[in-house]
Amino acid sequence: MLAREWVAVTDQRTILGWLATQLWGERVLIASAIFVGFVMWLAGLHLGWVSFTVLLLVIAGLVRTDRRAAEGNARTMAVPAAAVPENDVAAARQDDLSAIAAVLGALDAPALLISARETVKLQNRAAEAVFGAIPLGSDLAGRIRAPGILDMVREALATGQPRETEHAERLPSETVYVVRIAPLAEKSGEPLWLLTFRDVSQARRIDRMRSDFIANASHELRTPLASLRGFIETLQGPAKNDTKAHERFLGIMHEQATRMSRLVDDLLSLSRLELRSNVAPDQTVDLVPLIAHVRDSLQPLASELGVDIVLDLPAHPVSVTGERDELVEVFENLIENGCKYGQDGKRVDVALTGGTDGAPVEVSVRDYGPGIPPEHVPRITERFYRVNVEASRSKKGTGLGLAIAKHILTRHKARLVVRSEVGKGTVFTVKF
């Protein structure tokens, strides 16, 4: 200690000031040493021995004082810091959770804060909307029953490293999440982990729609394009000067071009519906005048085919939540199909029931045509699926009408039920 102080004093070039300070601090010791020396001198001892004894006493006193100071400093350093009260730790932890909760509340993606024991510490509003209210402290596996997510969480907790996986939900509508877990720095308690769910359904749907559009369009457009090319080559070659062939071929070419136009319009309509499949409609639509409007718009077609459209509508309003134009498209497709493919029965019955006293609303469209074989019924709402390809094309069908109707009804949280018996006709029932 004296050596360290001497170095500090030398560096500061205040040796005399330091010496004066030390001597003044030990003035009692110095006075005592001088008194002892004075007594020795009076006793007749030699002045040199007296001076040596006084100097020795002063040095011994300084060394003892310095040692006590060092021991006091060591004891001070060895004393453990006062333990932080448990209440203060809990308060600090609660402050951390409050700050994290404020951040999570601003996120629009579902997020859960979990502990190393796989218990839920926090959830934001978006997570509550998806998973429901999760009691704090409850086990994560009790709410999220996806083995892939739980395995990912356990692997991250075991390794201490972030993890990511993709998870798909089928109900109530197809939704794809990129699920990620990462450690979160937490100062006042056990380690915490942030589990987030990023909805990538729209991106996946667009990718699938693009690939499906290319595949379906290329397949369905191949035939009319080949026909157009063949007729054009014929008109440019052998039938170049044949007026009658010109008229006949141009009529067929116009029919094929119209078919391609209808096909492209239906594909675009289906694509738009897929993009909005997760957006629920919020309008209120009265089905009574809507179905009457559809009947009136299809009356020219029905008359041309020799089919009567018979309505059975209640006198009171029957309202559902939906989008009017899309519901018009649904019932136009169903009634038009009944007129075209049930033409042999000469009649299509449309009945609307329910809507009072809490009874479910149902719209049934029945034809009396040849019916649909049982093996085809489960697949008739698939894109481009046709029970009879030649009959469908001869009636200018694109094979997309029922697929469009199904997508619209899915968005409206409604169902399409098909019952058919060969030789007796088919009943399409829309249940809201």
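Residues numbered from 1 in each chain as written. Predicted model: local features only at pLDDT ≥ 70, side-chain atom pairs only at ≥ 80, totals over all residues. Heavy atoms only, no water.

## Description of the pattern of salt bridges
- Under the definition given, this model contains eleven salt bridges.
- The salt bridge partner of glutamate 233 is arginine 229, with a shortest N-O separation of 3.3 Å. Here arginine 229 and glutamate 233 lie together in helix α8 (residues 201-236), a separation of four residues that amounts to about one turn.
- Owing to a relative accessible area of 59%, arginine 229 belongs among the exposed residues under this scheme.
- Put simply, arginine 411 and glutamate 326 hold a salt bridge, and the shortest N to O gap is 2.8 Å. Here arginine 411, found in helix α13 (residues 401-411), pairs with glutamate 326, found in helix α11 (residues 324-341); they are 85 residues apart in sequence, far enough to count as distant. Taken individually, arginine 411 and glutamate 326 each receive the classification buried, so the pair is uniform in this respect. (Salt bridge = Lys/Arg side-chain N within 4 Å of Asp/Glu carboxyl O. Helix = DSSP H or I, 4+ residues; strand = E, 2+ residues; numbered from the N terminus. Buried < 20%, exposed > 50% of the residue type's maximum accessible area, 1.4 Å probe, protein only.)

## Considerations on the sheet that holds strand β1 (residues 111-115)
- The five strands lie next to each other as β2-β1-β5-β4-β3, forming an open sheet whose pairing is antiparallel. Each of the sheet's edge strands pairs with one partner strand only, and the pair in question is β2 (120-123) and β3 (163-169). Pairwise comparison of adjacent strand axes, ignoring direction, gives a mean angle of 25° for this sheet.
- Bridge analysis of β1 against strand β5 (residues 192-199) gives five bridges, and the strand direction is antiparallel. The residue of β5 that forms the bridge with serine 115 is leucine 192. (Pairing = 2+ DSSP bridges. Axes fitted to C-alpha atoms, helices over the stretch in contact; angles between N-to-C directions.)

## Describing the environment of arginine 248
- Structurally, arginine 248 is set in helix α9 (residues 243-275).
- Of the residues examined, arginine 248 reaches a relative accessible area of 53% and is grouped as exposed.
- As for arginine 248 and phenylalanine 231, which are separated by 17 residues in sequence, their C-alpha atoms are 10.0 Å apart.

## Details of the pairing of strand β4 (residues 175-184)
- In terms of burial, β4 is a largely internal element, seven of the ten residues being buried.
- Bridge analysis of β3 against β4 gives seven bridges, and the strand direction is antiparallel. Along β4, the bridge assignment pairs histidine 167 with tyrosine 177.
- Taken together, the eight bridges between β4 and β5 define a ladder with antiparallel strand orientation. Looking at the pairing, valine 178 lines up with arginine 198 of β5.

## Section: the nonpolar core
- Formed by 52 residues in total, the largest nonpolar core has its most connected members in Leu287 and Phe331.
- Counting residues per element, the ones that place at least two in this core are α8, α9, α10 (287-305), α11, β9 (347-353), β10 (362-367), α13 and β12 (425-431).
- Phenylalanine 331 has contacts with Leu287, Leu290, Val294, Val363, Val430 and Phe432, leaving out every residue within four places of it along the chain. (Core = buried A, V, L, I, M, F, W, Y, C linked by side-chain atoms within 4.5 Å. Contact = heavy atoms within 4.5 Å.)

## Looking at the confidence of the model for the protein chain
- The pLDDT averaged across the protein chain works out to 76; a share of 71% of its residues lies at or above 70.
- Considering only residues more than four positions removed or in separate chains, one finds that residues 1-13, a stretch of pLDDT under 50, has twelve contacts.
- Here residues 73-84 is modelled with pLDDT under 50, and outside its nearest four sequence neighbours on either side it reaches two contacts, counting other chains as well. (pLDDT = per-residue confidence, 0-100.)

## What to know about the sheet that holds β12
- Reading across from one edge, β7-β9-β10-β12-β11 is the order of the five strands in this open sheet, with mixed pairing throughout. What marks the edges here is a single partner per strand, and that holds for β7 (308-312) and β11 (415-421). Each strand of the sheet is rotated relative to its neighbour by a mean of 15°, with strand direction disregarded.
- Two strands pair when backbone bridges link them, and β11 and β12 are joined in this way by seven bridges, in the antiparallel orientation.

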